Amino acid sequence: MHNKSITQLAAGLRAMDFSSVELTRHYLQRISRLDAGLNSFITITEEQALVQAEAADKQLATGEGGVLTGIPIAHKDIFCTQGVRTSCGSRMLDNFISPYDATVVERLTGAGVVMLGKTNMDEFAMGSSNETSYYGPVKNPWDREKVPGGSSGGSAAAMAARLCAAATGTDTGGSIRQPAALCGVTGIKPTYGRVSRYGMIAFASSLDQAGPMAASAEDAALMLQVMAGFDQRDSTSMQQQVPDYSATLNDSLQGLKIGLPKEYFDAGLDAGVRQSVEQAIEVYTGMGAEVREITLPNTGLAVATYYVVAPAECSSNLSRFDGVRFGYRCENPVDLEDLYKRSRSEGFGEEVKRRILIGAYVLSAGYYDAYYLKAQKLRHLISDDFKQAFEEVDVIMGPASPTTAFGVGEKSDDPVAMYLSDVYTIATNMAGLPGISIPCAPVDGMPVGLQIIGNYFDEARLLNAAHQFQQQTQWHQQLPEGV
Ligand code: GLN
């Protein structure tokens, strides 16, 4: 059953070939058999899942419900889930039971999905390898000595091992696309403002965006359909019509103008990954697309700019975790200052503390102009690069990550090397643009992701382009050995 697409599962449920309870049990059994070696889940909500599955079966029996009714999925543990621990991968929130659902969770639950549990992630979504999680690293199902990417590494690994039919993720600088690439799954980061951030624990509010991770673009389209749309509880969500993403999946790509930024094929790109991405682009020219070289001249500034903007926003967002209102509190504080200091020192991990310090520094009175203001200006330049590019082309293609999955521990002592994993994804977040990563030919048995970047609110075109590729290739259907 876990090899079927959501559309096929939905048809099976409707035809009563199997029930949602059976399907849910199937996934729960896979989780209990396989996840000990992967660590992709922080919390498994077995009881609640079976209750939801029973309710879905009742609804399906009356002939009602939609395509997601009774489909078992997993949520990244950054989304608030009512009555269920929402840890954000941190000791700080290890004991936090959310009193409400995030909009994304509420909408998917409303569409009838079954929640299997909450997936592992880098602490507060800060990381590219899932090694900063308080709950321990996630292993890549394709090679357990390797990382799954991050920060949505739990969702990516769970998807790659088919421990769920789809999963949610979030992407601030690449956290959906980079783990999707490293684990061989499909992941889309929508336009900033397309999906509500309400109830999604904030890391860098001007960059954070939620999206689905799935086995295919077709499945991702079904998930995004429900997740997307205006939410009055998120002041940055956009009042924009959500198109029918499934309706245009089969549109022809004849004449599609693809831009290949020369900066995305530079010396930092692994030779095998380059070859795989170039092969994938040939599949597109075979379908009638036209390719031209473009330039995004400020690409080289994106990582440095991000590591001013994102920490600045994080230092402000994370100030709410003070040991007073919710989350971790140190033992026997002697006074208020001691309570703040020790709760935050003990509750946060190293990477989170590093970002809070950098953020507080770049926002401080003496350095604000030199760093924060400068970064805001650079952010404009980066956005303008894309604006110009989209005057010439319909989509931009390149690698999602410069390498395939790297070894567990390989970059954990070198933050800058780790930060460079997102060199091809970060600029998209700085500009607020949508991007998708889809599996192309593996290198030495490890998955590679082709990234497709679109213009604002052009998710339908990205899903269409991704789906057409997946009609021509089978990479997205390959499963790691032993799952
Ligand atoms: N790896 C980047 C970081 O650590 C991006 C993470 C993300 O997208 N949440 O900030």
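Attention in this report is confined to the structure presented alongside it. (Residues numbered from 1 in each chain as written. Predicted model: local features only at pLDDT ≥ 70, side-chain atom pairs only at ≥ 80, totals over all residues. Heavy atoms only, no water.)

Moving on, we get to helix 5 (residues 153-160). Of all the eight residues making up helix 5, eight are buried; the element is thus mostly covered by neighbouring parts of the structure. Residues of helix 5 that are buried: Gly153, Gly154, Ser155, Ala156, Ala157, Ala158, Met159 and Ala160. Elements that come into contact with the buried residues of helix 5 comprise strand 1 (41-44), strand 2 (72-76), strand 3 (114-119), strand 4 (166-171), helix 6 (177-183) and strand 6 (209-214). With its phi angle positive at about 50°, Arg162 sits one or two positions after the end of helix 5. (Buried < 20%, exposed > 50% of the residue type's maximum accessible area, 1.4 Å probe, protein only. Helix = DSSP H or I, 4+ residues; strand = E, 2+ residues; numbered from the N terminus. Contact = heavy atoms within 4.5 Å.)

What follows concerns a nonpolar patch on the surface. Taken together, the side chains of Val324, Leu336 and Tyr340 make up a nonpolar region of the molecular surface, amounting to roughly 260 Å² of accessible area. With a relative accessible area of 35%, Tyr340 lands in the partly exposed category. (Patch = residues over 30% accessible without salt bridge, like charges linked within 9 Å, V, L, I, M, F, W, Y side chains within 5 Å. Areas by Shrake-Rupley, 256 points an atom, 1.4 Å probe, with all protein chains shown as cover. Salt bridge = Lys/Arg side-chain N within 4 Å of Asp/Glu carboxyl O.)

The tally for this structure, following the rule as stated, stands at two cavities of 30 Å³ or more. Looking at the largest cavity, it is lined by 14 residues, and the ones nearest its centre are Ala125, Gly127, Ser175, Tyr306 and Asp422. In terms of residue class, the lining of the largest cavity is built from five nonpolar, seven polar and two charged. The calculated volume of the second largest cavity comes to roughly 60 Å³. (1 Å grid on protein atoms, 1.4 Å probe; cavity = no way out; pocket = protein on both sides within 12 Å on 5 of 7 lines; lining within 4 Å. Points joined across faces, edges and corners; volume = space filled by probe spheres on them. Nonpolar A, V, L, I, M, F, W, Y, C, P; charged D, E, K, R; others polar.)

The next subject is the nonpolar core. Inside soluble globular proteins, nonpolar side chains tend to come together where they are buried. Ranked by size, the top nonpolar core spans 144 residues in total, and within it Phe124, Tyr284, Phe386, Met397, Leu450, Ile452 and Leu463 carry the most contacts. The greatest single-element share of this core, amounting to nine residues, is contributed by helix 9 (residues 299-317). In this structure, Ile452 is in contact with Tyr284, Val395, Ile396, Met397, Pro434, Gly435, Ile436, Ile438, Leu462, Ala465 and Ala466, ignoring residues within four places of it in sequence. Counting five residues, the second largest nonpolar core, distinct from the first, contains Ala181, Ala400, Ala405 and Met446. (Core = buried A, V, L, I, M, F, W, Y, C linked by side-chain atoms within 4.5 Å.)

The next thing to look at is the site of the ligand. Taken together, 15 residues are adjacent to the ligand, and Thr172, Gly173, Ser175, Tyr306 and Asp422 come closest. Tyr306 has a polar side-chain atom sitting 2.6 Å from an oxygen atom of the ligand. Out of a free accessible area of 290 Å², the ligand has 100% covered by protein chains. Judged by its atoms lying within 2 Å of the grid points, the ligand is housed in the largest cavity. (Near = heavy atom within 4 Å. Polar contact = N/O pair within 3.5 Å; in protein donor to acceptor, adjacent residues only side chain to side chain. Sits in = over half its atoms within 2 Å of the grid points.)

Right, let's talk about the sheet that holds strand 1 for a bit. The sheet built from 11 strands is open, its strands ordered 1-3-2-4-6-5-10-11-9-7-8 with mixed pairing. Of all strands in the sheet, those with a lone pairing partner are strand 1 and strand 8 (290-294), marking the two edges. Neighbour-to-neighbour, the strand axes of this sheet turn through a mean angle of 30°, independent of strand direction. Bridge analysis of strand 1 against strand 3 gives three bridges, and the strand direction is antiparallel. Bridging from a neighbouring strand, Thr43 pairs with Lys118 of strand 3. Along the sheet, helix 8 (residues 271-286) makes contact with strand 7 (257-261), strand 8, strand 9 (395-399), strand 10 (435-443) and strand 11 (446-454), crossing strand 11 at roughly 55°. On the sheet, helix 12 (residues 368-392) packs against strand 7, strand 8, strand 9 and strand 11 and is oriented at approximately 115° with respect to strand 9. (Pairing = 2+ DSSP bridges. Axes fitted to C-alpha atoms, helices over the stretch in contact; angles between N-to-C directions.)

Every α-helical turn comprises 3.6 residues, leaving residues that sit three or four positions apart pointing alike. Ile6, Leu9, Ala10, Gly12 and Leu13 are the residues of helix 1 (residues 6-14) that are buried. Buried positions in helix 1, seen along its axis, are confined to an arc of 160° and lie on one side of it. Where the residues of helix 1 are buried, they touch helix 2 (20-34), helix 3 (46-61), strand 4 and helix 7 (217-227). One or two steps after helix 1, the chain reaches Met16, where phi turns positive at roughly 65°. (Arc of directions from axis to C-beta.)

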